[in-house]
Number of protein chains: 2
Amino acid sequence: MKLSIAKNELNDAIQQVAKAASTRPAIPILGGIKFDVTHQGITLTASDTDISIQSFIPVESGDSIVAKVDKPGSVVLPSKFIVEIVKKLPSDEVEIEVGEQFITMIRSGSTDIQMVGLDPEEFPVLPSIEQSDVLQIPGDLLKSLIRQTVFAASTSEQTPILTGALVNLFEGELRFVATDRHRLANRSAHVDTLPSLRFSNVVISAKTLNELSRLIPDASALVEMVVADNQALFKIGSVLFYSRLLDGTYPDTSKIIPQSYKTELVVDTKKLTDAIDRAYLMSREEKTNIVRLITLEHGGIEISSSSSELGRVTEQLEAFKMEGEALRIAFNSKYMLDVLKVIDSEQLNIQFTGAMSPIIIRPADHPHSTYIILPYRTTG
Amino acid sequence: MKLSIAKNELNDAIQQVAKAASTRPAIPILGGIKFDVTHQGITLTASDTDISIQSFIPVESGDSIVAKVDKPGSVVLPSKFIVEIVKKLPSDEVEIEVGEQFITMIRSGSTDIQMVGLDPEEFPVLPSIEQSDVLQIPGDLLKSLIRQTVFAASTSEQTPILTGALVNLFEGELRFVATDRHRLANRSAHVDTLPSLRFSNVVISAKTLNELSRLIPDASALVEMVVADNQALFKIGSVLFYSRLLDGTYPDTSKIIPQSYKTELVVDTKKLTDAIDRAYLMSREEKTNIVRLITLEHGGIEISSSSSELGRVTEQLEAFKMEGEALRIAFNSKYMLDVLKVIDSEQLNIQFTGAMSPIIIRPADHPHSTYIILPYRTTG
């Protein structure tokens, strides 16, 4: 294998795939990036077996020559070092040549690097996925679906299935659900697809979805998604992102969402966020994050928290709309802030069924998102 | 005590002093900020007894009214909460009122906070320093003196005196020295002052000097410095910064700096930095950070490092000037990078006395800075 390649293009592709390389690999090869060089271009692959990322650099891009391949071939180079050194090389061009026993020479300007390369035959083989049933999702929509749900996933390894988000597709409606049993985030969106394309119980690790989100450019390019066996494949431009699905059956969350309520509020999202944020600062001192919300007789609500050592914060807030019974409820302010931060609407709607029943939060102008927080059982 | 005050001015002063409040106070009062309110203005003080910071907010600034004092008085409020809540208050104005038993009401817009205040009589008394012998230092010069020396101070509590920087003033020359026995940084500057003003063996904690540096605005305002007994006082605009001096006698470092050399190089600072940075990435894998430098026969130098698992980096670099004996030396690349990062000159001068003798580095256009690194004793 021998080629010369533009430093910036090589660096971009390395940064994209490196996220999938193991930082503490069980065997050295899992901490590597595989280079596959043909006369068409360079394919970089990293894989920790849970996720795999592949990026392709074509030898020509538009009118410019990106790489010149003298001899095709493959090698695996250690990710941690490659990720840092390539961007620091002195010249805009990098020469890579693999010799005997995968010893690899990297040359750029006055820099000469001799690396211990590894045998590409030992590198994990990527899952083969039939690309027949492809779902196309606008990139910005996929980013929103991820951002607005995965925060509610569990971080406890005691319930592995809940560390992921459930992704379902049914009759053109794509739905993301995440819950840690104390709160739930549910967001759906219509996607243009054949009605016959559907999948259910696809559960992808929240951490993996966040990595995926970072690879999606902000421009609204289409992302292609394929589900097969125990894998999901996302294609973002020239990058392929493979994720293993989590094992197990995701719990049925449809019955958790209450269908009726006793009290309903419509409030300003930013004002509620700021008020709860201040109450949170005090509630944090008691480690419980308990904040209380009560409806006021003249309309509006009062939000408060207290700490025996520090004191008490009391906030008054107007409501655009308040209907139903008077209410007194306590909840985890951190959970509420997590929800409020991902709501992009200026106003939001909160429904209460009672002091011990789930609190339902929805953006006022977006009925396809539903957030649920279980209240705290407190006295007084 | 009762006043109303502009939120931004109050917040700025709180952020300035809060650095001195203990994050894990032995007694609660050391984790507090003291408010002293008179008809002239508000003085905020925080102190962990090693350092103390005081900031004064006058009731009027230029043409604008900053605060309106209804009733003078004092109280101590917990720093951690105050630092975060004040900037998040909803209105531009904040009302503070202290009631019975130092219970303090803070009101802003629709926010009502009741805080458990502490008795200001229990707050540490700041050292009294006679302001007769005042040294005036341009703020940007003081920032440079700190940045270009304190990185070489020891972080080991086994040699407490070396965790500080030595600050001497003699015949109008202000000198900062720091060393951890493996390297040394020495920077002096001429300051306009009476020749009679002098001090020696003033040793201030490197951590404290970094805090001080952050309080100095980038504009070249004058900083006033006073040394008395076991304290140094710095006055930066309306902020007073007190630091306890470290106990003990700083070692005599004047004899460490070699007066002669066998080999001298002049090289480009950025090119040397980049080359050593690349070699560092490889040397880091072996935990030793060892990088080798050899002079080449045709002129110029070669920098290299190697790791048994990863491979080898070799860098070639031209020298503007090379005089004296051929050389082969090894050193800690991290220590060298620390020096190179604070050298602002485009070129630098390196002198070697031998493979086992100190390496001397000086900015080419600034003879008042001297950096020393002890080489590694390696074989081969």
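Keep in mind the model is a prediction, meaning the values are calculated, not measured.

**Student:** Can you walk me through the overall build of chain A in this structure?
**Tutor:** Assigned secondary structure in chain A consists of six helices and 28 strands. Taken along its principal axes, the extent of the C-alpha atoms in chain A is 80 × 55 × 40 Å. A burial count over chain A gives 54% of its 380 residues as buried. Taking the intrachain contacts of chain A between residues at least 6 apart in sequence as the baseline, contacts between residues at least 24 apart amount to 66%. With 37 positive and 49 negative side-chain charges, chain A shows a separation of 6 Å between the mean positions of the two kinds.

**Student:** Before we go on, may I ask you to explain the relation of the copies chain B and chain A in this structure?
**Tutor:** Superposition of the two copies of the chain requires a rotation about an axis together with a shift along that axis. Expressed as a screw operation, the relation of chain B to chain A combines 0.0 Å of axial shift with a rotation of 180 degrees, fitting to an RMSD of 0.0 Å. As the rotation angle and translation indicate, the two copies are arranged about a two-fold axis. By residue overlap, the copies meet face to face through one surface: 100% of the interface positions of chain B are interface positions in chain A.

**Student:** Just to check I follow, could you spell out the domain arrangement of chain A for this structure?
**Tutor:** The extent of an interface is frequently quoted as the accessible surface area lost upon association of the parts. All names here are of chain A. Taken domain by domain, chain A consists of domain 1 (2–122), domain 2 (135–244) and domain 3 (263–373). Distance from the C-alpha centre of domain 1 to the C-alpha centre of domain 2: 29 Å. Both faces combined, the contact of domain 1 with domain 2 buries some 930 Å², and carbon together with sulfur accounts for 51% of it. Summed over the three residues of domain 1 that lose the most area to domain 2, namely Asp 50, Ile 51 and Gln 54, the buried surface amounts to 45% of that side. At the junction of domain 1 and domain 2, the tally comes to one salt bridge. For the salt bridge of Asp 50 with Arg 244, the shortest nitrogen-to-oxygen distance reads 2.9 Å. The interface formed by domain 1 and domain 2 includes four residue pairs in polar contact (both at pLDDT 80 or more).

**Student:** Looking at this structure, how should I read the UniProt feature "domain: DNA polymerase III beta sliding clamp C-terminal" (unreviewed entry) in chain A?
**Tutor:** With numbering matched to this structure, UniProt assigns "domain: DNA polymerase III beta sliding clamp C-terminal" (unreviewed entry) to residues 255–377 of chain A. Annotated as 20% helix and 41% strand, the span residues 255–377 of chain A places its first and last C-alpha atoms 21 Å apart.

**Student:** Which parts of the structure should I look at to understand the environment of B:Asn332?
**Tutor:** Residue and element names in this part refer to chain B. Looking at the secondary structure, you find Asn 332 in strand E25 (residues 328–332). Taking the C-alpha atoms as reference points, Asn 332 and Glu 122, separated by 210 residues in sequence, lie 49 Å from one another. Apart from residues no more than four positions distant in its own chain, Asn 332 is found in contact with Thr 288, Asn 289 and Tyr 376. Among the polar contacts made by the side chain of Asn 332, one reaches the side chain of Tyr 376 at a distance of 3.5 Å.

**Student:** Can you help me understand the pattern of salt bridges in this one?
**Tutor:** Between side chains of opposite charge, a pair can form as their charged atoms come close. Residues and elements named next belong to chain A. This structure, assessed with the given rule, holds 36 salt bridges over all chains. The partner of Lys 34 in a salt bridge is Asp 36, with the nearest N and O atoms 3.0 Å apart. The burial state of Lys 34 is the same as that of Asp 36; both residues are buried. Linked through salt bridges whose partners overlap, the residues forming this network are Asp 180, Arg 183, Lys 334 and Asp 338.

**Student:** Whenever I open this one, the sheet that holds strand E4 (residues 51–58) of chain A confuses me. Can you help?
**Tutor:** Sheet strands pair by backbone hydrogen bonding; their relative direction is either parallel or antiparallel. Residue and element names in this part refer to chain A. If you walk across this open sheet you meet the eight strands as E8-E2-E3-E4-E19-E18-E17-E12, and the pairing is antiparallel. The outermost strands of the open sheet, each flanked by one partner alone, are strand E8 (73–78) and strand E12 (135–138). Pairwise comparison of adjacent strand axes, ignoring direction, gives a mean angle of 20 degrees for this sheet. Pairing analysis gives five bridges linking E4 to strand E19 (residues 239–244), with the strands arranged antiparallel. From the neighbouring strand, Gln 54 faces E19, where its bridge partner is Leu 240.

**Student:** In this structure, what is going on with the interface of chain B and chain A? I would like to understand it.
**Tutor:** Of the residues lining the interface, 30 residues belong to chain B; the matching set on chain A comes to 30 residues. Summed over both partners, the interface of chain B with chain A comes to about 2,500 Å²; 53% of that surface belongs to carbon and sulfur atoms. On the surface where chain B and chain A come into contact, there are six salt bridges. Of the charged contacts in the structure, one is a salt bridge between B:Asp277 and A:Lys88, with a shortest N-O distance of 2.9 Å. For the pair chain B and chain A, the interface holds 20 residue pairs in polar contact (both at pLDDT 80 or more). Broken down by secondary-structure element, the contributors of at least two residues to the side of chain B that touches chain A are helix H2 (79–87), strand E11 (111–116), helix H5 (269–283) and strand E23 (311–317) of chain B. Each residue belonging to the side of chain B that touches chain A can be placed in one class, and the counts come to 12 nonpolar, seven polar and 11 charged.

**Student:** Sorry if this is basic, but what is going on with the sheet that holds strand E21 (residues 290–295) of chain B here?
**Tutor:** Spatially, nine strands are ordered E7(A)-E1(A)-E9(A)-E10(A)-E11(A)-E23(B)-E22(B)-E21(B)-E25(B) in an open sheet, and the strand pairing comes out antiparallel. Both edges of this open sheet fall to strand E7 (67–71) of chain A together with E25 of chain B, since each of them pairs with a single strand only. Each adjacent strand pair in this sheet contributes to an overall mean axis angle of 15 degrees, direction not counted. Across five bridges, the pairing between E21(B) and E25(B) is antiparallel.

**Student:** Looking at this model, I keep getting lost on the packing of helix H5 (residues 269–283) of chain A against helix H6 (residues 333–342) of chain A. Mind explaining?
**Tutor:** How two helices sit against one another is set out by the angle between their axes and by the gap between those axes. All names here are of chain A. The N-to-C vectors of H5 and H6 enclose an angle of 150 degrees; their axes lie 9 Å apart at closest approach. Judged by the angle between their axes, H5 and H6 are roughly antiparallel. The crossing of H5 and H6 is left-handed. Across the interface between the two elements, Thr 269, Leu 272, Thr 273, Ile 276, Asp 277, Tyr 280 and Ser 283 of H5 pack against Ser 333, Lys 334, Met 336, Leu 337 and Leu 340 of H6. When its residues are assigned to classes, the contact of H5 with H6 shows six nonpolar, four polar and two charged.

**Student:** How do you make sense of the side chain of B:Asn186 when you look at a structure like this?
**Tutor:** All names here are of chain B. The residue Asn 186 is located in strand E15 (residues 183–190) in this model. Overall, the relative accessible area of 6% leaves Asn 186 in the buried class. A distance of 2.7 Å separates the side chain of Asn 186 from the side chain of Arg 175, its partner in a polar contact. If we ignore the near neighbours within four places in the chain, the residues touching Asn 186 are Thr 149, Arg 175, Phe 176, Val 177, Ile 257, His 368, Ser 369 and Thr 370.

**Student:** For this particular structure, what's the right way to read the packing of helix H1 (residues 7–18) of chain A against helix H2 (residues 79–87) of chain A?
**Tutor:** Residues and elements named next belong to chain A. Contact geometry of H1 with H2 gives a least axis separation of 9 Å together with a crossing angle of 150 degrees. Regarding H1 and H2, the two cross each other, and that crossing is left-handed. Counted together, Lys 7, Leu 10, Asn 11, Ile 14, Gln 15 and Ala 18 of H1 and Ser 79, Ile 82, Val 83, Val 86 and Lys 87 of H2 form the full contact between these two elements. Residue classes in the contact of H1 with H2 are distributed as six nonpolar, three polar and two charged.

What counts and what doesn't
- Residues numbered from 1 in each chain as written.
- Chains lettered and ligands numbered in written order.
- Predicted model: local features only at pLDDT ≥ 70, side-chain atom pairs only at ≥ 80, totals over all residues.
- Heavy atoms only, no water.
- Helix = DSSP H or I, 4+ residues; strand = E, 2+ residues; numbered from the N terminus.
- Buried < 20%, exposed > 50% of the residue type's maximum accessible area, 1.4 Å probe, protein only.
- Contact = heavy atoms within 4.5 Å.
- Lys, Arg positive; Asp, Glu negative; His and termini not counted.
- Charge placed at Lys NZ, Arg CZ, Asp CG, Glu CD.
- Least-squares fit on C-alpha atoms with pLDDT ≥ 70 in both.
- Domains from an automatic or database assignment.
- Buried area = accessible area lost by both parts, 1.4 Å probe.
- Salt bridge = Lys/Arg side-chain N within 4 Å of Asp/Glu carboxyl O.
- Polar contact = N/O pair within 3.5 Å; in protein donor to acceptor, adjacent residues only side chain to side chain.
- UniProt positions renumbered as here; feature names shortened; annotations may be inferred.
- Pairing = 2+ DSSP bridges.
- Axes fitted to C-alpha atoms, helices over the stretch in contact; angles between N-to-C directions.
- Nonpolar A, V, L, I, M, F, W, Y, C, P; charged D, E, K, R; others polar.
- Parallel < 35°, antiparallel > 145°, perpendicular 65-115°, else oblique.
- Left-handed = near helix turned anticlockwise from the far one by under 90°.

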